[in-house]
Amino acid sequence: MTETDSPDFDLLWYLEKLNKKEFMSLKNHLKQECLEIGLPEIPGFDLRTAKPDLVNLLTTFYEAQHVWNMMLSIFQKIRRADLCEKIKARRKRNRETHKALIKNKILLQWEKCLFENVHNTFYEETIVEVLRKLDTVYDPRSTFYTKDVFLVGEKGAGKTMVMKVVLLQWTHGDIWKDVISYIVHLTSHEINQMSESSLVELISKEWPSGQAPVADILSDSQKLLFILEDMDNVDASLNVDESALCSDSRKHVPVSVLLSSLFKRKMAPGSLFLISLRPDGKAAVMASVKKNYSITLKFSDEKRKKYFALFFKDSQKATRALKLVQENDMFVNLCQVPVSCWITCVALNRQVEMGGEGKLSCQTLTDLYAHFLANTLTSGAGIMTSQRRRTLLERLCLLALEGLWHDMLHFTDADLRSVGLTKADVSALKALRILLPSSNCTDRHTFIHLKIQEFCAAVGYMMLLSECQIPSANKKYPERRERYNDFSPITMSIFGLLNEKRRKILETSIGCNLLTGELKKYFLQKMKYMGDHPKTVEHHMPLFYCLFENQDEEFVKQIMDSFLEVTIYIQENKDLMVSLYCLEHCRLLQKLKLSVQCIFENKEPHTLTPSYIFPSSSKMRSLVYWRDLCNLLHTKENLKELEICNSDFDDTSERVLCKALTHSSCHLQTLKLSYLSVGTRFEDVFRAIVYNPNLKFLSLNCVPHSLKMFSLLGEVLENPVCRIQHLSLMKCDLKASECQEIASLLIKSKNLKKLTLSNNPLKNEGVKILCNALLHPDCTLESLVLLFCCLTKTGCISIGRVLMLSKTLKHLDLGVNLLENLGVSILTLPLMFPTCKLQELELEECMLTSGCCASLASVLIRSKTLKKLNLLGNDLRDEGILQLLEALGHPDCVLEAVGLQINSVAAETRKSLLTVKKKNTRLTLLYQSWAAKKGREVSYNVGDIRAVSLPPTVPVSPRLNWHLICFHMPRKFRHKKSAKVSKQPPPSSST
């Protein structure tokens, strides 16, 4: 029954209750009502319109909620209280009906908690805290009032449980009384089933026959709450152009447009949102909502301690297990939610039960997951033979492996049968809580946690398993969360299982054999290749996690010896811990580049309660790790270069770094600081540079300039103890106004030999100031790089004076500046003077043509000092290059290196060039331009590493070789259609 079919929504019935005078009065009020609501006037309407015609006009041109809001307002004005009461009674009745429907839905979906002995306590406490916050946050009278609330937590944190209890509490009238009238509850799975919809259809889905009282639900949209579960799993994009948004609740539009229109309040203006998602999907969803409040569900140290005490029921045993977890940030990071804590406790249970004062053997996640499987599968030893345990493990691992291969996290009964799992097997795995009923999909099963499925897949890689076809793998469009893109956790576990001690946890308890063969040798070979080609690896964190899982001292040292350069990005404590372990085993390390973010300061102010705030002990651990990492600066004798980019420090962490820099055994020669905010806190860093006599190169690229910075630099360079010879200030947004400060540095410094100012808009005015400093008798600069500094031919006048009179300048780079032929002509006369000491001149991409080649040819013949001239990126044409070649062949020419753009010159010109090169054997030809070199550097990243075949002697699963080599392989190489990539030949040395 539609609204128009229902007696309660029969507008004509209401109008028939009006006498002629009342009906005329109603029509007189309509125009004003339309204006007040912001609706356009009714086309074709006049005061003579009859009641049936008026009903037709209103329902055709206006949405139902607007029609009834206007009618209620007009009925009040014409004093028809009886009709007003009838509408209000209808609305009240519909609100109660809606609550009953919501309650029935939740009770039907309610499932018994499989971990009730321990978990219920935590879910109850969490729910009480969340309810207290949510009961006030949507209240306009509250100081925390907002219309968008995010509930953030990992899988198993209790988000779904919170949502269900919230809905039930609302139906009972315990929260949001008089604040929220209607709730539209949607899961990501329900949203993903729709390609397009209208808001009316969306609201009506829970009502019998799909017919909801939309007019009443949308009549006061400020009391309408949308609860959206797992929004990070929704396929629809929320990045919709403003012009595509829709305001008509009746119109069918793509789901992406519908959701975006709701978020932007084009539909249901003033409505409220409660959205749950996981932390890794938070940024994308939150970007579509400008103002929001976030509630984070995760364990604090206090909550974790209470959980362990309840699980072990013995304070001493709980303390032993908890101590192991708290000392390892990999375990701390894992134990954020109840289900992960349960897995950890099960893994440690047997060791804890055995008692003793010995240290628990779990050090890595591989240890933990291996003990979990071993303890779980052997817990039913009395009813399960060793052969059945082994068979059960093989079938479980095959399910995990094929599932991830085919983007499957939820399995049907047919999927389970396809890998050989019988009903008895499934019952046993459910009893052991390795497999659980899926909470998202009915009649499906899932692993207790994705981490367990990944570990089982890694074990499956190292077994002789036959391939199979999972029936559900034929589906074309898996949901976003089932699109498994990152195989690095599996690779980590494989590295961990290469350690014999960890491998034996499973082999001894279950009787399985994991095949390793020549894998270690193979990995050593591939790491050696990566070490010899540093630009093939974007950063080393994925590898470091693999090595940390392995913990085989000799194997780790062998691999780390392949790398002279290491790049690490630190975003969590566990990153610091893992990096420290690997760097301590890196005996030949020469260059270290690191970025440290979000470690030393709490950046999540909107956590649930003080007990959920990221614990202070975490910061203490981070400082300990940071101290040990900084100590490498003086314990690694080969470490000569340190680059710190895009990092956040507080006073304490900065002091730790400075102490290491000033250590007498610190052998650093190069220090690079980029994308840092250099202010008061970096005074100690600058002053530490003074007391490091080995430091020769200081880079402050991409650091915002300030008077404070130049003042500190002046103190550093002026100090006679300072040995800095090369200072780089690239991309610092330096202008002519800052050049006086830079000029002062050139004069003050006694040891500075090279200054790089590339990518700064200095312009001619700034360069003129610098040139005056270069002529100062105390200036000892030998090399100046002004690449891309917005110079023109006018600036060449000041530069020419320096070339003529400077006694020290030997290298000048003016590349990527608009000098043109006239600018170069201004420089040629000083270059021919006997007082000119310049040896290298870079004029790459300076808009030069053949018109400047005659004067340059004269320079090549007459200059007795110029050894290198770079003219790449300039269109000199055949005539210009031939003029230069004639000069290069002159007996008085002393040039040793020349860069010429010869891509488009004639064959005869190239032949002449080779002839000159043959006669002048000392001459080097430069072919690679600056722009090309820059492009090449950008193109080399981890995505360029191709998967190659394992040695044919390694008897492993056919797909093992496809995933093992690349730690962050792009998705296009992981697509199922690339399954035969392992048959491709190994890459050549040029790959």
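The sections below set out a description of the structure shown in this document. Because the structure is a prediction, the values reported are computed rather than measured.

Now for the overall build of the protein. When you go through the protein residue by residue, the secondary structure sums to 40 helices and 22 strands. Sorting the 991 residues of the protein into buried and exposed places 55% on the buried side. Here the contacts in the protein between residues at least 6 apart in sequence split such that 80% fall between residues at least 24 apart. Of the accessible surface of the protein, which amounts to about 43600 Å², a share of 52% is contributed by carbon and sulfur atoms.

So, on to the side chain of Ser 622. Residue placement: Ser 622 occurs in helix H28 (residues 616–635). Judged by its relative accessible area of 0%, Ser 622 falls in the buried class.

This part covers the pairing of strand E1 (residues 148–153). A large share of E1 lies buried, amounting to six of its six residues. On E1, burial covers both faces: Asp 148, Phe 150 and Val 152 on one face and Val 149, Leu 151 and Gly 153 on the other are all buried. In this sheet, strand E6 (residues 272–277) lies alongside E1 in parallel orientation, the contact comprising five bridges. Within the sheet, the bridge partner assigned to Val 149 lies in E6 and is Leu 274. Pairing geometry for E1 and strand E7 (residues 293–297), over five bridges, is parallel. Paired with Phe 150 across the strands is Ser 294, a residue of E7.

What characterises a pair of aromatic rings is the spacing of the ring centres plus the angle enclosed by the ring planes. In the structure shown here, the tally under the stated rule is 22 aromatic pairs. Seen in terms of ring centroids, Phe 299 and Tyr 307 are 6.2 Å apart; in terms of plane orientation they differ by 50°. Their pairing is tilted. Here the two residues Phe 299 and Tyr 307 agree in accessibility, since each one is buried. One aromatic cluster is present, built from ring pairs that chain together Phe 9, Trp 13, Tyr 14, Trp 68 and Phe 75. Between Lys 520 and the ring centre of Phe 555, over which it is positioned, the NZ or CZ distance is 5.3 Å. Across the ring face of Tyr 529, the terminal group of Lys 526 is positioned such that the distance to the ring centre comes to 5.9 Å.

Under the definition given, this model contains 32 salt bridges. Between Glu 41 and Lys 31 there is a salt bridge whose closest N-O contact spans 3.9 Å. Of this pair, Glu 41 sits in the loop between helix H2 (20–37) and helix H3 (51–61) while Lys 31 sits in helix H2, placing them ten residues apart in sequence. Given a relative accessible area of 48%, Lys 31 falls into the partly exposed group. As a salt-bridge pair, Glu 327 and Lys 323 come within 2.6 Å of each other at their nearest N and O atoms. On the basis of relative accessibility, which here comes to 48%, the residue Lys 323 falls in the partly exposed class. Connected through shared salt-bridge partners, Lys 105, Glu 190, Lys 205 and Glu 206 make up one network.

Reading the values: rules and limits
Residues numbered from 1 in each chain as written. Predicted model: local features only at pLDDT ≥ 70, side-chain atom pairs only at ≥ 80, totals over all residues. Heavy atoms only, no water. Helix = DSSP H or I, 4+ residues; strand = E, 2+ residues; numbered from the N terminus. Buried < 20%, exposed > 50% of the residue type's maximum accessible area, 1.4 Å probe, protein only. Contact = heavy atoms within 4.5 Å. Areas by Shrake-Rupley, 256 points an atom, 1.4 Å probe, with all protein chains shown as cover. Pairing = 2+ DSSP bridges. Phe/Tyr/Trp six-rings, centres within 6.5 Å; stacked < 30°, edge-to-face > 60°. Lys NZ or Arg CZ within 6 Å of the ring centre and 35° of its normal. Salt bridge = Lys/Arg side-chain N within 4 Å of Asp/Glu carboxyl O.

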